[in-house]
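Architecture at a glance
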Amino acid sequence: MSVYSEVSNGSLVFKDGFLDFNGSVNLITRKRSSNKKYYVYDAAGQIISEENDESHTVTIKEIVYHKGKQVIFYLDKRMRLSFIVTRKHKRLTEEQIIEKAELAPSQRVWSIPLFNMILFIGVLRFRYTNIQEYEIALGYDKKYRFPIKYLFSKTIREKNTFNTSKLKLLCHTFFCIIPTKDLEKIYIETSSINLPMFLRIHNDTANYYYPFKKSGFDKYSRKHYLYNTFNYRISKSLSVFMRKSVTGQLVFVYSNKLHKSIVMKEAIAYVIVKLFARKNNRIILFEKFCEGASESAYEIFKYARQQKDTMARFIIDAKSDLYPALIEQFGKEYIIKKNTLRSFYNIFKADALISSDLATHIQRRLYDNDRLIKKKILDNKNKIFLQHGVALATNVFERGYFNKRVPIAPDYIVTSSRRESRNFLKYANYTNEDIIPTGLPNLDLYVESKETVQKEEITFMLTWRPWDLTGGKTEGSYVGRYIQFIRMIHSDPFYEGKKINVVLHPKAKVILRDQFPDIYAEIKSKLYAGDIKDILLRSKVLISDYSSVTFYAFAGGSNVIFYWEDKVKAEKEYGARNILQKENAFGDIIYDFNQLNAFIQSNYPQEQKAAYQSKFSLMVERTDGNNTEETYNYIRNILDKERGLADVEYRNKRFLRNERVLQLSGQENIQSK
């Protein structure tokens, strides 16, 4: 029987009048941090202590298990009764879990760029000083380490361990230098765009890691999303800045260079909107990196213009091959060039941000330290995610995407089946009100193309791999597989006279083009450079891996070959088993590149197999060709309702089709299949 706790109404609570700092009797709550030290208090608000023990060592009093968690009650070195809520650790003992919590430091950190280095300086205070090494560790694997040095000796720090006056805290002043050449080297070796920072300490017992933060008091806050440092230039085409995670952990982020004129235009537009145009009356639509017009955002924009919707604006990079034709078709009032004064003005006036990717793709560059647009994204309550593909390929849910606690998470998500909707409800904390169950608008094009477009081309496109984008050309690398495919089609007469499309994933293309221009220049002439949508519509065979383009191609009548040679490694890197598996894949699967040629030749003359059509229909239900109209109506209903326009009579007059969709895709139907 426990001395300190008991189970009451299914919850683990204190007994005999014990409390936590807030006066609560509940030991395990949603707000209770794991692996963090808490004191036990009596009813008078005093910490429970035992003064008769002379050992002054940590003593475990008892361990209580409850619903998969354990609560460790112990006396710390100052004989104060404490507790930790944790799970059974695979490697650390209970004593080491306590030690790690006891050693957790107080920290206050500043970063200063100096010549070819970044200097970290601040205060780092540990309650106990039995530590042999202090380091900043970079990366998810914490492989890259840089030593921390203190200005004052260990003796001086020990004398002031528990003194928290501002003057005494200066005894714990530290500094750490990270050369920019080392940051460039890490990027080349790892391809990691985000490099989280950890504090590593080592003593006789173990190595312990803590999130490296600007302030030790930082905890979960959506406002951390707004924190950025200036850019630190580390090479001709590469820069790095620091951001905070939602828990306050510092993270290095690699990005490409940014012209100062763009920063100035953004600032001017922000001031104009704040002073003269505060009313938000724009619907901003854009696609991945604002570089294309081939996905669902463009389909919604086209339909909006057909409906004479004067609020809709489509933002696209002027470097896009599609930009001139779009200007000619829709005019400069509705097609807006990215990173111009007009584009920033319209973004800051946005009532809704509607995109085929996350809202961050409206930023000035791929990964950006843009506080103004980040603030707009954070404040906007109509971030509508049309999805660039059905979310049933890699397991984006297990990987933590679309977590509503994350600031950039969409407010509304379009889905194409009850199975897909259930995943968002179950794993991402969305509600039925957040789901737009009308089907991806872009699917309409592919469904229509089954009867109207001749399928004769062969397309090779692999999804991007964040762990393999250093421009390496070795066999088995991302670029290496493309080179293998190019060699294969040039060595077999079967491909003579056929249109073969070799396509980089858009994100891989941007990173290779901007950060590895020499490698990109080598393969550029062999790559398809047009609109991916056009070749998917014309493809008889698509070779891909875990990309969502497989759903589009199959909806359009293409045969899909799933090339899964690195499936095990990919799932390990993604950190979750893919949703697409052998049992639900709607195409032939190969695990060896040497099999690919034979499978292409056997699939080319065939129609889609009935078994694959059956599997596909369970994953994508909205294939009646009305997705664009129904999605647009659904979105306008959301926006008009906010303005008080969407009363019952109004909806019945304008949105009869939308009401049908609501009936088909209500809560009972989402849960039923």
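Just so you know, these numbers come straight off a predicted model, no measurement behind them.

**So, the packing of helix α6 (residues 296-306) against helix α7 (residues 323-330)**
Running from amino to carboxyl end, α6 crosses α7 at an angle of 20 degrees, the nearest separation of the two axes being 12 Å. Classified by the angle their axes make, α6 and α7 are roughly parallel. Our pair here, α6 against α7, has a crossing hand that is left-handed. Contacts between α6 and α7 pair Y298, F301, K302 and R305 from the former with L326, Q329 and F330 from the latter. Taken together, the residues of the contact of α6 with α7 break down into four nonpolar, one polar and two charged.

**Quick look at the confidence of the model for the chain**
It should be kept in mind that the predicted coordinates are not to be read in detail where pLDDT is low. Scored by pLDDT, the chain comes out at a mean of 87, with 93% of its residues at no less than 70. Note on residues 646-662: pLDDT under 50 across the span, and 29 contacts to partners over four residues away in sequence or across chains.

**Quick look at the environment of L504**
With respect to the helices and strands, L504 occurs in the loop between β26 (500-503) and α13 (506-515). Sequence-distant contacts of L504, that is, excluding residues within four places in its chain, are made with Y478, Y482, K509, L512, Y520, I523, L527 and I532.

**Digging into the layout of surface pockets**
Its boundaries defined by the atoms lining it, the second largest pocket holds a volume of some 650 Å³. If you trace the second largest pocket, you find 25 residues lining it, with N256, K257, D317, K319 and N339 closest to the centre. With three residues, α13 is the single largest residue contributor to the lining of the second largest pocket.

**Thoughts on the nonpolar core**
Note on soluble globular proteins: their nonpolar side chains tend to be buried together. One finds F120, L138, F252 and F485 to be the most contacted residues of the largest nonpolar core, which totals 166 residues. Setting aside its immediate chain neighbours within four residues, L138 contacts K143, Y144, F146, I178, L183, I186, L195, P196, M197 and F252.

**A word on the sheet that holds strand β23 (residues 412-414)**
Spatial ordering of the open sheet is given by β20-β19-β18-β21-β22-β23-β24, a layout of seven strands whose pairing is parallel. In this open sheet, the two edge strands, each paired with only one partner strand, are β20 (335-337) and β24 (435-436). Sheet strands touched by α7: β19 (312-316) and β20. Its angle to β20, the strand with the most contacts, is close to 140 degrees. Set on the sheet, helix α8 (residues 341-348) makes contact with β18 (282-286), β19, β20 and β21 (350-355); between it and β20 the angle comes to about 115 degrees.

**Regarding the pattern of salt bridges**
Opposite charge on two side chains lets them pair, provided their charged atoms get close. Using the criterion set out here, one finds 27 salt bridges in the structure. Between E102 and K37 there is a salt bridge, with the nearest N and O atoms lying 2.9 Å from each other. You can see E102 sitting in helix α1 (residues 94-103) and its partner K37 sitting in the loop between β2 (11-14) and β3 (38-39), a full 65 residues away along the chain. Residue K37 is classed as buried on the basis of its relative accessible area of 12%. For the salt bridge of E299 with K302, the shortest nitrogen-to-oxygen distance reads 3.4 Å. Here K302 and E299 lie together in helix α6, a separation of three residues that amounts to about one turn. Several salt bridges converge on common partners, so that one network encompasses E266, R364, R365, D368 and D370.

**Some points on the environment of D531**
Summarising the element assignment, D531 is placed in the loop between α14 (517-523) and α15 (532-538). Taking relative accessible area as the criterion, D531 reaches 11% and is therefore assigned buried. For the pair D531 and F348, spaced 183 residues apart in the sequence, the C-alpha separation amounts to 29 Å. The contacts of D531, once residues within four sequence positions are left out, are A293, S294 and L322. Of note is the side chain of D531, whose polar atom sits 3.2 Å from the side chain of S294.

**A few points about unusual backbone geometry**
Even without glycine at this site, N35 takes up a positive phi of about 60 degrees. Along the chain, the position of N35 falls in the loop between β2 and β3. Overall, the relative accessible area of 43% leaves N35 in the partly exposed class.

**Structural notes on α6**
With respect to burial, α6 is a largely interior element, nine of its 11 residues being buried. By the burial criterion, the buried members of α6 are S296, A297, Y298, E299, I300, F301, Y303, A304 and R305. Within two residues after α6, K308 carries a phi angle of roughly 60 degrees, on the positive side.

**A look at the side chain of N603**
Among the structural elements, N603 can be located in helix α18 (residues 596-603). Taking the relative accessible area as the measure of exposure, N603 reaches 3% and is therefore buried. In terms of polar contacts, N603 uses its side chain to reach the side chain of D588, at 3.0 Å. Excluding its chain neighbours within four sequence positions, the residues that come into contact with N603 are K540, V541, N559, I561 and D588.

Reading the values: rules and limits
- Residues numbered from 1 in each chain as written.
- Predicted model: local features only at pLDDT ≥ 70, side-chain atom pairs only at ≥ 80, totals over all residues.
- Heavy atoms only, no water.
- Axes fitted to C-alpha atoms, helices over the stretch in contact; angles between N-to-C directions.
- Helix = DSSP H or I, 4+ residues; strand = E, 2+ residues; numbered from the N terminus.
- Parallel < 35°, antiparallel > 145°, perpendicular 65-115°, else oblique.
- Left-handed = near helix turned anticlockwise from the far one by under 90°.
- Contact = heavy atoms within 4.5 Å.
- Nonpolar A, V, L, I, M, F, W, Y, C, P; charged D, E, K, R; others polar.
- pLDDT = per-residue confidence, 0-100.
- 1 Å grid on protein atoms, 1.4 Å probe; cavity = no way out; pocket = protein on both sides within 12 Å on 5 of 7 lines; lining within 4 Å.
- Points joined across faces, edges and corners; volume = space filled by probe spheres on them.
- Core = buried A, V, L, I, M, F, W, Y, C linked by side-chain atoms within 4.5 Å.
- Buried < 20%, exposed > 50% of the residue type's maximum accessible area, 1.4 Å probe, protein only.
- Pairing = 2+ DSSP bridges.
- Salt bridge = Lys/Arg side-chain N within 4 Å of Asp/Glu carboxyl O.
- Polar contact = N/O pair within 3.5 Å; in protein donor to acceptor, adjacent residues only side chain to side chain.

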